[in-house]
Amino acid sequence: MSEHKTQQNQEITNVQAETTDQAPDPRDAGRRQFINQALAVSAGAALSGFFPHLKAAPVQGSGAKCAPILGKELVNPGEIPSGPDGILHAVLRVHGEDRLISYLDVNGTNPNNPPPACGTYKLRAYEGYKGTKVDKSQMVTKPGVYNPGPTFRAHVGDTLQIAFLNHIDPKDFPETEDKHCDVARNSSGTELYPGKSGKPPCPDSYPDCFRGSNTTNLHFHGTHVSPNAFSDNVLVEVVPDLQATPAECDHFFQTIACKDYPNPQAWKHVDAKSAQELQTLVNRNQDRLKKLDQIQPEPNDKTLHTRQAAQNVHLQEYGEFPQYWSGCFPYCIRPPKYVPPPIPDQLPCPPQPEPKPQYVMGQAPGTHWYHAHKHGSTSIQVYNGMAGAMILEGDYDAKLRQTMPGVQEKVLVIQQFQPQPNRERTGGAGGAGTGPNAFAGSLVNGQLQPVITMKANEVQWWRIINGTVQGGKDALFICGFDGANAPKFFQTAQDGVQFHWDNYEPQLKNPNTTFTLAPGNRVDILVQAPSKAGTATLVYKDVRPQPTGTNIIVTVNVIDPTDALAYNQRWPQSKDQYPEMPPFLHDIEEVSECRIIKYQMDTSKGPGSPPLINGRRFEEGRIDEAMLLDTRQEWTIQNYSVGLFVRHPFHIHVNPFQVTEVFDPATMKEPLKLPQPWIWWDTFPIPLGQKDATTGKVIPGYFKMRTHFADFAGKYVNHCHILAHEDRGMMQLIEVVDNKTQVIHH
Amino acid sequence: MAEPNIVKVTIANAPAQTTIFEPNPQTINQFDSVFWSNETTDSHQPAPDGGADDQWVSKPIPPKGQSSQVVFEDTGTFPYHCAKHPDSATEKGVITVNPQS
């Protein structure tokens, strides 16, 4: 089939999809006909072979009038780039919106071979705007359909100014309170969640439960930036404020939001003018919070915001940044560009201290992302779609583009959806605490099983982000291509940090067949299409039985090029064609301290078991680990959990880490010491524990990692990236303590 | 055994002689959950016939609002009504709960 014909057919498909999205009666008998037509038209007869599993008629969820959309060509999320002045201006607005979701209906009459289905649900959804205004002509996200937030694309060293508006109307989602756990009852009125005794085995309680899901914030996952003030500060909570406007942020971006806050106290120690500006912002916030209780009260807590304002005062008395914010919140991050220290021309006399770079680490250029991170509401908000890609470009990107001129770049934000308005657990067949998996199938950029068309021998650059809450159904977090016509791929980066040449080069002779993609992980792969036309799928490689089709991420359609248009067929094949590893990403050879961190979840006591780290849940006001700034440490991250769903993906903010050793008791007798150079990660699934058949004791799985607590002091977190576990308390508050002091001898 | 599902019942303005609850009946399996999404301009409070007003939903669901989940652990037919408008002929519905297959 010619490319021209494919494009033409794709256009026809788009027109048909737009028409049929609105037109058909959901209950008419022609639905099966529709899906067959859509498949046939979308790329000709070859495409109909993509979906042999779709045997049953598509169905609709909850009586909504819609038509499921699947198998359409993948569209990258809309982008907001930084400008030539090195500043990215964006407005990110969260609000309640009805959005169409397509999925595979594993709860229908054919659970083993689920048909496509769809429904319209009210979600907390991102709208992304270029610039500094809520201007519909500058909106890059898609209204009315499930899709991620905008892709922020900037260069390392740029400044990202994001005017953040929480326009969620609490009346849209009235059954979720900040200070109490959400409640689910059975039909007799008995409380099932959070539960009082016996069921679940250890009931969730504040603050480690699903709650407060109309309050939100942002985490810039993979960035090496300050965790304080207006930067990657996940302790901040932005409450709903329907009157907030981006103009409120403009002034503060110019004055205080983008100053450097390398330690928690830095915001208290600025010049007099900045201090005055800060106080103006703080005062405005305090006034707004108190007024919210009158003009926009929480449905079930009429004095909430006044109490939050009082807590801010308390925090300020201790020099801490205010926790609760109303109005526009001026997020400002500046992922630092590493600049090597100057080399002196001659040996100074007398000897001077060795010059140091401004930033010891620098931001690794690569594929990163952002998502909601308010404790207690992270999982429902990410299920609602509150995540997006963040691509920070640098020498890595420039070199790959030099080697592969004109290369097509695909951004794949993988998400999953569940229909409930809040995240409270249900009882049910699996027992209290079991989360439903009603809505199976991954969405990529909001699309169900999209198609990526490649020309024979074409090499494309795929940036893949696992933005799911818990991965695929029963996911083991391993992905690869299936099918006789499977492409080859060469991985160039993990978690937004490039591979060293020594880790990339072996793939040239022996390409990998799988890559790790736990929730939170990113991979960059160069995908090389086979030399002949055909199809293949990118799937979760789960060894356990799955409903047909639910493990498919995307389908690859390889076509024969029949025109003379050039396309990229190159990939780095020699060291000079490959990005050089920046010096700040060299191996951490020496460490000054070692620690053991134990992730624990005893599922033998039944579903809903408490998720623990070192025997404890997250607790407000308690710091679990403290490290001195600029120390290099080795942590052994153990997993004492056994069973399904408990290969906890360990994630730590601000600094990436190198995995040096892995032990999986199910498959290894001895730990696997990994060869250098070590790969950098920021999220790593801990191998499961294994119960010893003789003693009954759990032998923990583990990995060892080395990290450098560089550049930024402050409070941030490590946690399980199965986000429901994080909400329920599998999170540690850590503090990196500044290694400088104002105390001097005089 | 299938894992529990969560389904939506929409509350929408309806022509006379019909119900504001859509779909009606809502048919689910044992251990599934139901929540209500109010698309009318008035508040509504689904409650089981013969039960307390706040047995399923603690407070009336405001316009545009959505309720929390109600888990149906028993099989059978569960007729319900709007506790805020108990005399309205169009504000009645049924949840039918089938055994797990």
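Calculation notes
Residue positions are given per chain, counting from 1 as you read along its sequence in written order. Note on labels: chains are lettered from A, ligands numbered from 1, in written order. Local features in a predicted model are, by the rule used here, given only for residues with pLDDT of at least 70; side-chain atom pairs are given and counted only at 80 or more, and totals for whole chains, interfaces and linings are based on all residues. Numbering of helices and strands runs from the N terminus, with a helix taken as a DSSP run of H or I at least four residues long and a strand as a DSSP run of E at least two residues long. In this description the radius of gyration comes from C-alpha coordinates, and the expected globular size is given by 2.2 Å times residues to the power 0.38. Each residue is classed by its C-beta neighbour count within 10 Å, where at least 20 other C-beta atoms makes it buried, 12 or fewer makes it exposed, and intermediate counts make it partly exposed; the C-beta atoms are placed from backbone geometry. Any two residues are considered in contact once their C-beta atoms, placed from the backbone, lie within 7 Å. Strand pairing requires that DSSP identify at least two bridges connecting the strands. Under the definition applied here, buried Ala, Val, Leu, Ile, Met, Phe, Trp, Tyr and Cys residues are grouped into a nonpolar core through C-beta atoms within 7 Å. Note that domain bounds follow an automatic or database assignment of domains. Interaxial angles span 0 to 180 degrees and are taken between N-to-C directions of axes, which are lines fitted to C-alpha atoms, for helices over the stretch in contact. Helices are assigned an expected span. That span is 1.5 Å times one less than the residue count. Throughout, the arc means that of the directions going from the helix axis to the C-beta atoms. Every residue is assigned a pLDDT by the predictor, reflecting its confidence on a scale from 0 to 100. Throughout, the term roughly parallel applies to angles under 35 degrees, roughly antiparallel to angles over 145, roughly perpendicular to angles from 65 to 115, and oblique to all others. Each crossing is labelled by how the near helix is turned from the far one, with a counterclockwise turn of less than a right angle marking it left-handed and a clockwise turn marking it right-handed.

Chemist: Could you give an account of the overall build of chain B, naming the residues involved and the relevant values?
Modeler: Regarding its fold elements, chain B presents 0 helices and 8 strands. Computed over its C-alpha atoms, the radius of gyration of chain B comes to 13 Å, within 12% of the 13 Å expected for a compact globule of 101 residues. Principal-axis analysis of the C-alpha atoms places the extent of chain B at approximately 40 × 25 × 25 Å. Out of the 101 residues in chain B, the part that is buried amounts to 50%. A separation of at least 24 residues holds for 62% of the contacts in chain B among residues at least 6 apart in sequence.

Chemist: Describe the overall build of chain A, listing the residues and the values that go with them.
Modeler: Per the secondary structure count, chain A includes 11 helices and 41 strands. Residues counted as buried form 55% of the 746 residues belonging to chain A. Look at the contacts in chain A between residues 6 or more apart in sequence, and 80% of them connect residues 24 or more apart.

Chemist: Give a detailed account of the sheet that holds strand β27 (residues 552-559) of chain A, specifying residues and quantitative values.
Modeler: Residues and elements named next belong to chain A. In space, the 5 strands of this open sheet follow the order β19-β27-β26-β21-β24, with mixed pairing throughout. Edge positions in the sheet fall to β19 (451-455) and β24 (515-516), since each of these pairs with one other strand and no more. Note that strand β26 (residues 534-540) and β27 share 6 bridges and pair antiparallel. The residue of β27 that forms the bridge with L538 is V554.

Chemist: Hey, could you go over the nonpolar core for me, with residue numbers and the actual values?
Modeler: All names here are of chain A. F164, L412, I553 and I637 are the most contacted members of the largest nonpolar core, which has 196 residues in total. Sorting elements by how many residues they give to this core places strand β3 (residues 87-105) first, with 9 residues. When residues of this core are assigned to domains, at least three fall in each of domain 1 (73-171 + 215-225 + 334-341 + 354-586) and domain 2 (587-737).

Chemist: Which residues make up the sheet that holds strand β5 (residues 46-48) of chain B, and what values go with them?
Modeler: All names here are of chain B. Pairing is mixed in the open sheet, where 4 strands are placed in the order β3-β8-β7-β5. In this open sheet, the two edge strands, each paired with only one partner strand, are β3 (26-29) and β5. On average, each strand axis in the sheet is inclined to that of its neighbour by 30°, with strand direction left out of account.

Chemist: Go over the domain arrangement of chain A, please, and point to the residues and values.
Modeler: Residues and elements named next belong to chain A. Along its sequence, chain A is carved into domain 1 (73-171 + 215-225 + 334-341 + 354-586) and domain 2 (587-737). The C-alpha-based centres of domain 1 and domain 2 are spaced at 24 Å. On the domain 2 side, the residues contacting the 37 residues of domain 1 number 30 residues. The set of elements that each furnish at least two residues to the side of domain 1 that touches domain 2 consists of α7 (378-383) and α9 (501-504).

Chemist: Hey, could you go over helix α6 (residues 304-317) of chain A for me, with residue numbers and the actual values?
Modeler: Residues and elements named next belong to chain A. In this model, α6 (14 residues) spans 20 Å end to end at C-alpha, consistent with the 20 Å of a helix rising 1.5 Å per residue. Along α6, the positions that sit buried rather than exposed are L304, H305, Q308, A309 and N312. Across the axial projection of α6, the buried residues extend over an arc of 135°, all falling on one side. α6 presents V313, H314 and E317 as exposed residues on the side facing more than 90 degrees away from its buried surface. Among the structural elements, α5 (272-295) and β11 (324-325) are those in contact with the buried residues of α6.

Chemist: Help me get a handle on helix α8 (residues 395-403) of chain A, residues and values and all.
Modeler: Residue and element names in this part refer to chain A. For α8, the set of buried residues is Y396, D397, L400 and T403. Taken around the axis of α8, the buried residues stretch over an arc of 130°, which confines them to a single face. Structurally, α8 contributes buried residues whose contacts are with β13 (366-371), β14 (387-393), β20 (459-466), β22 (488-494) and β23 (497-498).

Chemist: Just give me the short version of the confidence of the model for chain B, but keep the residues and values in it.
Modeler: Per-residue confidence for chain B gives a mean pLDDT of 92, with 96% of residues at or over 70. Prediction confidence for the complex, expressed as pTM and ipTM, is 0.91 and 0.95 respectively.

Chemist: Give a description of the environment of E590 of chain A that names residues and reports values.
Modeler: Residue and element names in this part refer to chain A. Looking at the secondary structure, you find E590 in the loop between β27 and β28 (593-600). A tally of 8 C-beta atoms within 10 Å means that E590 is categorised as exposed. In this structure, the C-alpha to C-alpha distance between E590 and Y324, residues 266 residues apart in sequence, is 40 Å.

Chemist: Give a detailed account of the environment of G689 of chain A, specifying residues and quantitative values.
Modeler: Residues and elements named next belong to chain A. For G689, the position within the fold is in the loop between β36 (683-685) and β37 (690-691). Residues G689 and D260, 429 residues apart in the sequence, show an inter-C-alpha distance of 42 Å. The contact partners of G689, leaving out residues within four places of it in the chain, are N639, Y640, S641, V642, P665, V698, I699, P700 and G701.

Chemist: Can you tell me about the pairing of β14 of chain A, naming the residues and giving the values?
Modeler: Residues and elements named next belong to chain A. Of all 7 residues that make up β14, 6 are buried, and the element is covered over most of its length. Bridge analysis of strand β5 (residues 151-155) against β14 gives 4 bridges, and the strand direction is parallel. Within the sheet, the bridge partner assigned to F152 lies in β14 and is M390. The sheet contact formed by β13 and β14 spans 6 bridges and is antiparallel. Pairing of W369 across the sheet is with A389, part of β14.

Chemist: Tell me what's going on with the packing of α5 of chain A against α6 of chain A, and back it up with residues and numbers.
Modeler: Residues and elements named next belong to chain A. Closest axis-to-axis distance for the α5/α6 pair is 6 Å, and the angle between their directions is 160°. Comparing their axes, α6 and α5 come out roughly antiparallel. Between α5 and α6 lies a crossing whose hand is left-handed. Each of Q286, L289, K290, L292 and D293 in α5 lies in contact with α6, whose residues at this interface are L304, H305, T306, Q308, A309 and N312.

Chemist: Explain the environment of H725 of chain A to me, using residue names and the numbers behind them.
Modeler: Residues and elements named next belong to chain A. Along the chain, the position of H725 falls in helix α11 (residues 723-727). By the C-beta count within 10 Å, which is 28 here, H725 ends up buried. Each C-alpha atom of the pair H725 and G83 lies 38 Å from the other, and the pair is 642 residues apart in sequence. Discounting chain neighbours no more than four positions away, the residues touching H725 are P611, H648, C720 and M730.

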